[in-house]
Amino acid sequence: MLMNRDKSVLLIVDVQARLAPYIHEGQQVAEHCAWLAQVAERVGVPVVVTEHFPEKIGGTLDLVREVTTNAQYVGKQCFSAQADGCLAGTAVDQRRQVIVCGTEAHVCVQQTALDLRWAGKEVFIVAEASGSREPANRDLAFARMRSHGIEIVSREMVAFEWLQRGGTELFREVNRDFIR
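Residues numbered from 1 in each chain as written. Predicted model: local features only at pLDDT ≥ 70, side-chain atom pairs only at ≥ 80, totals over all residues. Heavy atoms only, no water.

K.L.:
Any chance you could explain empty space enclosed by the protein here in plain terms?
P.N.:
One way to see where empty space is left: roll a probe the size of a water molecule over the atoms. Applying the stated criterion across every chain, the model contains 1 cavity of 30 Å³ or more. Its boundaries defined by the atoms lining it, the largest cavity holds a volume of some 40 Å³. What lines the largest cavity is Asp 14, Val 15, Gln 16, Leu 19, Ala 20, Ile 23, Gly 26, Val 29, Ala 30, Leu 61 and Thr 103. With 3 residues, the single largest contributor to the lining of the largest cavity is helix α1 (residues 26–43). Looking at side-chain class alone, the lining of the largest cavity contains 7 nonpolar, 3 polar and 1 charged residues. (1 Å grid on protein atoms, 1.4 Å probe; cavity = no way out; pocket = protein on both sides within 12 Å on 5 of 7 lines; lining within 4 Å. Points joined across faces, edges and corners; volume = space filled by probe spheres on them. Helix = DSSP H or I, 4+ residues; strand = E, 2+ residues; numbered from the N terminus. Nonpolar A, V, L, I, M, F, W, Y, C, P; charged D, E, K, R; others polar.)

Structure representation (structure tokens):
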């Protein structure tokens, strides 16, 4: 199935200040999350951002926070944002497709994705925008999620599927500003 901007929401999971320095290639993961948020805003896809115990782990990294000023932020205590109940009433609750990125891939991202999948959502994990402290844990999480019907995609797959076609002004804007 293709990702569709009218059915999608971008969910950024726990890209937080005190955790980020320990994530393998954490700077790149955060940059990819920020890129996705900017593309989502440009094409009209809502963004939801979770923060796990922000008083202990810190708030969302400035790099991501600066480009998600129109996003809905929710706090959580459970590893799975779906199990926590904090996604109720958000665009995640209202849309069929959930594009997920963030940290850690094998904990909060995976548990949230699996719970969303079992709740009937179409779930996509953006590979380069999802990370863990250990690359092996990230890879295992991707394999496990894939075995449960969750698709692992790239950020450009997301962007081009949201765009659906070339030759439009929106395509030209996104291509000029984001595709490198």
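K.L.:
Is there a simple way to think about the environment of Asp 115 in this case?
P.N.:
Here Asp 115 is to be found in helix α6 (residues 105–118). Beyond its immediate sequence surroundings of up to four residues, Asp 115 is in contact with Ser 80, Gln 82 and Ala 83. (Contact = heavy atoms within 4.5 Å.)

K.L.:
Is there a simple way to think about the packing of aromatic side chains in this case?
P.N.:
For any pair of aromatic rings, the description consists of the separation of the ring centres together with the inter-plane angle of the planes. With the rule as written, the count across this model stands at 2 aromatic pairs. Judged by centre distance (6.3 Å) and plane angle (90°), the rings of Trp 35 and Phe 178 are edge-to-face. Within this pair, whereas Trp 35 is found in helix α1, its partner Phe 178 is found in helix α9 (residues 169–178), the two being separated by 143 residues in sequence. Here Phe 178 falls in the buried class, since its relative accessible area comes to 6%. (Phe/Tyr/Trp six-rings, centres within 6.5 Å; stacked < 30°, edge-to-face > 60°. Buried < 20%, exposed > 50% of the residue type's maximum accessible area, 1.4 Å probe, protein only.)

K.L.:
Even after reading the chapter, I still don't get the packing of α1 against helix α8 (residues 155–163), so can you show me in this structure?
P.N.:
Two packed helices can be described by the angle between their axes and the distance between those axes. As a packed pair, α1 and α8 sit with axes 11 Å apart at the nearest point and diverge in direction by 0°. Our classification of the angle between α1 and α8 gives roughly parallel. In contact with His 32, Trp 35, Leu 36, Val 39, Ala 40 and Val 43 of α1, α8 contributes Arg 155, Glu 156, Val 158, Ala 159, Trp 162 and Leu 163. Its residues placed into classes, the contact of α1 with α8 shows 9 nonpolar, 1 polar and 2 charged. (Axes fitted to C-alpha atoms, helices over the stretch in contact; angles between N-to-C directions. Parallel < 35°, antiparallel > 145°, perpendicular 65-115°, else oblique.)

K.L.:
Help me understand the nonpolar core in this model?
P.N.:
Looking at soluble globular proteins, one finds that nonpolar side chains tend to be buried together. Core analysis: the largest hydrophobic core is formed by 38 residues, its most contacted members being Leu 10, Ile 12 and Trp 162. When contributions to this core are tallied by element, the ones reaching two or more residues are β1 (8–13), α1, β2 (47–52), β4 (97–103), β5 (122–131), α8 and α9. If near-sequence neighbours (up to four positions away) are discounted, Ile 12 is found in contact with Cys 33, Ala 37, Val 47, Val 48, Val 49, Thr 50, Val 64, Thr 68 and Cys 101. Counting 27 residues, the second largest nonpolar core, distinct from the first, contains Ala 105, Val 107, Leu 116 and Ile 150. (Core = buried A, V, L, I, M, F, W, Y, C linked by side-chain atoms within 4.5 Å.)

K.L.:
Sorry, what's going on with helix α7 (residues 135–147) here?
P.N.:
In an α-helix, one full turn covers 3.6 residues, which means residues spaced three or four apart are oriented alike. Over its 13 residues, α7 extends 19 Å from the first C-alpha to the last, a length consistent with the 18 Å expected when each residue adds 1.5 Å. Considered for burial, the residues of α7 that qualify are Ala 141, Phe 142 and Met 145. Looking straight down α7, one finds that the buried residues subtend no more than 100° of arc, so they occupy a single side. Across from the buried face of α7, at angles greater than 90 degrees, the exposed residues are Leu 140 and Ser 147. Looking at the packing, one finds that the buried side of α7 touches α6, β5 and β6 (151–153). (Expected span 1.5 Å × (residues − 1). Arc of directions from axis to C-beta.)

K.L.:
Explain the side chain of Asn 4 to me, please; I cannot follow it from the model alone.
P.N.:
Of note, Asn 4 is situated in the segment before β1. You can call Asn 4 buried: its relative accessible area is 17%. Non-local contacts of Asn 4, meaning those with residues more than four positions away in its chain, are made with Gln 97, Trp 162 and Gln 164.

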